[in-house]
There are 2 protein chains.
Amino acid sequence: MIQQLVAGIDIGGTNTVFGLTDRQGKILVYGSLKTTDYPSPLDLVKHVSEKIKQVIPEGYYLAGVGVGAPNGNYYKGTIEFAPNLKWFGVIPMADYFSHSLGCRVVLTNDANAAAIGEMVFGGAKGMKNFIVITLGTGLGSGIVVNGEVVYGHDGFAGEIGHVIVIPGGRNCGCGRSGCVETYCSATGIKRTYHEKTQSASATPVYISSQEIFNRATAGDEHAKETFEETGNILGLVLANSVAYTSPEAIFLFGGPVKAGDLLLNPTRKSFEENLLNIYKGKIKVLPSQLDENDAAILGAASLIWKELSVKNPEVKMES
Amino acid sequence: MIQQLVAGIDIGGTNTVFGLTDRQGKILVYGSLKTTDYPSPLDLVKHVSEKIKQVIPEGYYLAGVGVGAPNGNYYKGTIEFAPNLKWFGVIPMADYFSHSLGCRVVLTNDANAAAIGEMVFGGAKGMKNFIVITLGTGLGSGIVVNGEVVYGHDGFAGEIGHVIVIPGGRNCGCGRSGCVETYCSATGIKRTYHEKTQSASATPVYISSQEIFNRATAGDEHAKETFEETGNILGLVLANSVAYTSPEAIFLFGGPVKAGDLLLNPTRKSFEENLLNIYKGKIKVLPSQLDENDAAILGAASLIWKELSVKNPEVKMES
């Protein structure tokens, strides 16, 4: 029997990665390219589509394409004014891929794709209400309610990174101040460590969150405090988030999560302390169960796999 | 043709009100009693049920009962550890009414009932994504996503009143500090005015938010500042809330909303200032379109009317 494959494409400011996935979440073929090498999005679509067509193995067909992209709008299939991409304005990326590959294409932002990936292939299997927080250059979030990602009236719901947690706090790239991502993203962690170790007048020298982790494990007090304070704020934000959708679990994804207990312990402590009584002891804060190298492709591909399993659940049993 | 009626029952700490409603949101019969006169919830159920049976007019039958109650759990139909009720523990209120009246009974908290009431009979007709905020002794919220109230994994989602907006801020009845409701509920407004007008050592004398409104319109600067500051915080909270579910509109309900522009102007100003760019200019902040006297009963009854209109939409056209 001819079997289904789904392509997952993750478009980032620097790199675009893609792969062909099967129903079990195995990635059969990987590809990647530099997004910045393609001044026109149509050139990128053409290149990626040709690569995908070339590598579909005998006995398989392409059942659909999922795309994760910054500022991706699920309803319209567009990338809209993404500050980290060189392409200007509103780009109908889903339509471009659909014409080029002749199949269904679903697009959303990378954090929403991560949430669906967690539900289809990761730790949120069987969960109907959960949140995924992605910690990277920024802080993204995908909120799932009743088994569906919350997109809101305009397709842009789930921006927990831009909740103002410290009014009048740190300046954010969005033009406002005190946003969660200025404290709790990988960049926020770097800023915190920088504040602790450099005098106000020194030229900013930021080291990576990986290096801060190395220093913390080597006993650097400033580095340890940095994770402690990051966890304190993140725990408060997660506790506040529970008051909106009361999830069963919150998954943390991204580089800083590799710090393990150094970040998770203060986060969980602050989380439980700041939770309203009725939620206490009920809600898990967990690291993502997706492999970091595969997550972007699997997350994007799961946009289609989720649709296919809903439409035709018995196929899931067969394969 | 025999027509459907739905009873709406709103159980409050002081009073319980109930009424029979028709499909157009007209309340045919009203009733009320003192909740505190009933030391056992079963006595209250018996009394209300008898009253309802007595007043069903000829040509109608009772198609269902909707109940709004503090700490109401939609999934279980229970009232759970409600601090403002004298009844102890977990009360299976929906089961009680169902046995007593022999029909479908749906129960949720009063703010969720208000949200469904707004959707079925008020300003949110036709909207799929919106939020209702109820300003009273506390601050309640009902969040609607894709046309359904968000209940979360445990039935207790939508507690925006207990989001911590000012870490380390005012003590809250929930045992924590800095919760939204300590600033933005009617009680919060009273506290703000009190802080402005009494010295720290004086015995607290709180005046009603209605009286603060009267003083503000008469030119009292402290009273005007009170509404200004309440709006500043409420606007920030609403802007943060948008980052979760990106609603089309946010409806404000309750006594303080009668202050009109005195509260709405600073709220809307702060809301727009604190909104992330992608949401700016898209989301309305509106007073509830439900009549305050009818809202509790209509909200509760709408729990059933919404189900009936989904199951049997053509009936809606007939009646």
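Quick caveat: nothing in here was measured; it's all calculated off a predicted structure. (Residues numbered from 1 in each chain as written. Chains lettered and ligands numbered in written order. Predicted model: local features only at pLDDT ≥ 70, side-chain atom pairs only at ≥ 80, totals over all residues. Heavy atoms only, no water.)

**Things to note about the overall build of chain A**
Scanning chain A from terminus to terminus reveals 10 helices and 13 strands. The C-alpha atoms of chain A give 20 Å as radius of gyration, which agrees with the globular expectation for 319 residues (20 Å, within 12%). In terms of its C-alpha atoms, chain A occupies a principal-axis envelope of roughly 60 × 45 × 40 Å. Expressed as a percentage of its 319 residues, the buried residues of chain A come to 57%. Restricting to contacts in chain A with at least 6 residues of sequence separation, those with at least 24 account for 61%. Accessible area for chain A stands at about 13,200 Å²; split by element, carbon and sulfur atoms hold 51% of it. The centroid of the 27 positive side-chain charges in chain A is displaced by 1 Å from the centroid of its 31 negative side-chain charges. (Helix = DSSP H or I, 4+ residues; strand = E, 2+ residues; numbered from the N terminus. Rg over C-alpha atoms; globule rule 2.2 N^0.38 Å. Buried < 20%, exposed > 50% of the residue type's maximum accessible area, 1.4 Å probe, protein only. Contact = heavy atoms within 4.5 Å. Areas by Shrake-Rupley, 256 points an atom, 1.4 Å probe, with all protein chains shown as cover. Lys, Arg positive; Asp, Glu negative; His and termini not counted. Charge placed at Lys NZ, Arg CZ, Asp CG, Glu CD.)

**Some thoughts on the sheet that holds strand β1 (residues 3-11) of chain B**
Within a sheet, neighbouring strands are paired by backbone hydrogen bonds and run either parallel or antiparallel to one another. All names here are of chain B. Pairing is mixed across the open sheet formed by 5 strands, whose spatial order is β3-β2-β1-β4-β8. A single partner strand is all that each edge strand has here, and the edge strands are β3 (27-34) and β8 (105-108). Adjacent strand axes in the sheet meet at a mean angle of 20°, parallel and antiparallel pairs treated alike. Inspection of the sheet shows strand β2 (residues 15-21) paired to β3 by 7 bridges, in the antiparallel sense. Bridged to Thr-16 within β3 is Leu-33. Seen against the sheet, helix α1 (residues 41-55) touches β1, β2, β3 and β4 (60-68) and runs at an angle of roughly 25° to β2. (Pairing = 2+ DSSP bridges. Axes fitted to C-alpha atoms, helices over the stretch in contact; angles between N-to-C directions.)

**Some points on empty space enclosed by the protein**
Overall, the coordinates contain 1 cavity of 30 Å³ or more when judged by the stated rule. By volume, the largest cavity is sized at about 150 Å³. What lines the largest cavity is a set of 14 residues, among which Val-163, Ile-164 and Asn-240 of chain A together with Val-163 and Asn-240 of chain B lie closest to the centre. Secondary-structure elements contributing two or more residues to the lining of the largest cavity are α7 (221-245) of chain A together with α7 (221-245) of chain B. The leading source of residues in the lining of the largest cavity is α7 of chain B, at 4 residues. Partitioning the lining of the largest cavity into residue classes produces 12 nonpolar, 2 polar and no charged. (1 Å grid on protein atoms, 1.4 Å probe; cavity = no way out; pocket = protein on both sides within 12 Å on 5 of 7 lines; lining within 4 Å. Points joined across faces, edges and corners; volume = space filled by probe spheres on them. Nonpolar A, V, L, I, M, F, W, Y, C, P; charged D, E, K, R; others polar.)

**What about the interface of chain B and chain A?**
With 41 residues of chain B at the contact, the number on the chain A side is 41 residues. Considering only the side of chain B, the residues that lose the most area to chain A are His-153, Tyr-244 and Leu-276 of chain B, jointly responsible for 23% of the buried surface there. Where chain B touches chain A, the interface holds 2 salt bridges. Here Asp-154 of chain B ties to Lys-282 of chain A by a salt bridge, and the two come within 2.9 Å at their closest N and O atoms. (Buried area = accessible area lost by both parts, 1.4 Å probe. Salt bridge = Lys/Arg side-chain N within 4 Å of Asp/Glu carboxyl O.)

**A look at the relation of the copies chain B and chain A**
Turning chain B through 180° and shifting it by 0.0 Å along the axis lays it on chain A, with an RMSD of 0.0 Å. This pairing of chains is accounted for by a two-fold axis. A share of 100% of interface residues in chain B that are also interface residues in chain A marks the association as one of identical surfaces. (Least-squares fit on C-alpha atoms with pLDDT ≥ 70 in both.)

**Examining the sheet that holds strand β4 (residues 60-68) of chain A**
Residues and elements named next belong to chain A. Pairing is mixed in the open sheet, where 5 strands are placed in the order β3-β2-β1-β4-β8. Either end of the sheet is taken by a strand with one partner, and the two such strands are β3 (27-34) and β8 (105-108). Ignoring which end each strand starts from, the neighbouring axes of this sheet average 20° apart. Sheet contacts for helix α1 (residues 41-55): β1 (3-11), β2 (15-21), β3 and β4; angle to β2, the most-contacted strand, approximately 25°.

**A closer look at the confidence of the model for chain A**
All names here are of chain A. Here chain A averages 93 in pLDDT, while 95% of its residues score no lower than 70. Confidence drops under a pLDDT of 50 for residues 314-319, and excluding neighbours within four residues, the segment shows 7 contacts in the predicted structure. Interface confidence in the predicted complex, given as ipTM, is 0.92; pTM for the same model is 0.93. (pLDDT = per-residue confidence, 0-100.)

**Focus on the environment of Lys-51 of chain B**
All names here are of chain B. Within the secondary structure layout, Lys-51 lies in helix α1. Residue Lys-51 is classed as partly exposed on the basis of its relative accessible area of 36%. Residues Lys-51 and Gly-173 lie 122 residues apart in sequence; the distance between their C-alpha atoms is 35 Å.

**Focus: the environment of Tyr-183 of chain A**
Residues and elements named next belong to chain A. By the secondary structure assignment, Tyr-183 is in helix α4 (residues 181-184). Assessed through its relative accessible area of 11%, Tyr-183 is described here as buried. Placed 46 residues apart in sequence, Tyr-183 and Glu-229 show a C-alpha to C-alpha distance of 8.9 Å. Leave out the neighbours within four places in its chain, and Tyr-183 touches Val-165, Ile-166, Gly-169, Arg-170, Gly-178, Gly-188, Ile-189, Thr-192, Thr-230 and Ile-233. Among the polar contacts listed, one links the side chain of Tyr-183 to the backbone nitrogen of Arg-170, at a separation of 3.0 Å. (Polar contact = N/O pair within 3.5 Å; in protein donor to acceptor, adjacent residues only side chain to side chain.)

**Side note on unusual backbone geometry**
All names here are of chain A. Positive phi, close to 55°, is recorded for Asn-71, a residue that is not glycine. The topology assignment puts Asn-71 in the loop between β4 and β5 (72-73). Asn-71 sits in the partly exposed class, given a relative accessible area of 25%.

**Quick look at the nonpolar core**
In this structure, Ile-133, Leu-252 and Phe-271 of chain A together with Ile-133, Leu-252 and Phe-271 of chain B are the most contacted members of the largest nonpolar core, which totals 93 residues. Contact partners of Ile-133 of chain A, with chain neighbours within four places excluded, come to Leu-139, Gly-140, Ser-141, Ile-160, Leu-238, Ile-250, Phe-251, Leu-252 and Phe-253 of chain A. (Core = buried A, V, L, I, M, F, W, Y, C linked by side-chain atoms within 4.5 Å.)

**Describing the packing of aromatic side chains**
All names here are of chain A. This structure, assessed with the given rule, holds 9 aromatic pairs over all chains. Consider the rings of Phe-130 and Phe-251, whose centres lie 5.9 Å apart with planes at 85°: the pair is edge-to-face. Taken as a pair, Phe-130 in strand β9 (residues 130-135) and Phe-251 in strand β12 (residues 249-253) lie far apart in primary sequence, 121 residues in all. Each member of the pair, Phe-130 as well as Phe-251, is classed as buried. (Phe/Tyr/Trp six-rings, centres within 6.5 Å; stacked < 30°, edge-to-face > 60°.)

**Digging into the side chain of Asn-73 of chain A**
All names here are of chain A. Note that Asn-73 resides in strand β5. Polar side-chain contacts of Asn-73 include one of 3.2 Å to the backbone nitrogen of Lys-76. In this structure Asn-73 touches Thr-78, Glu-80, Leu-107, Asp-154, Gly-155 and Phe-156, once residues within four positions along its chain are discounted.

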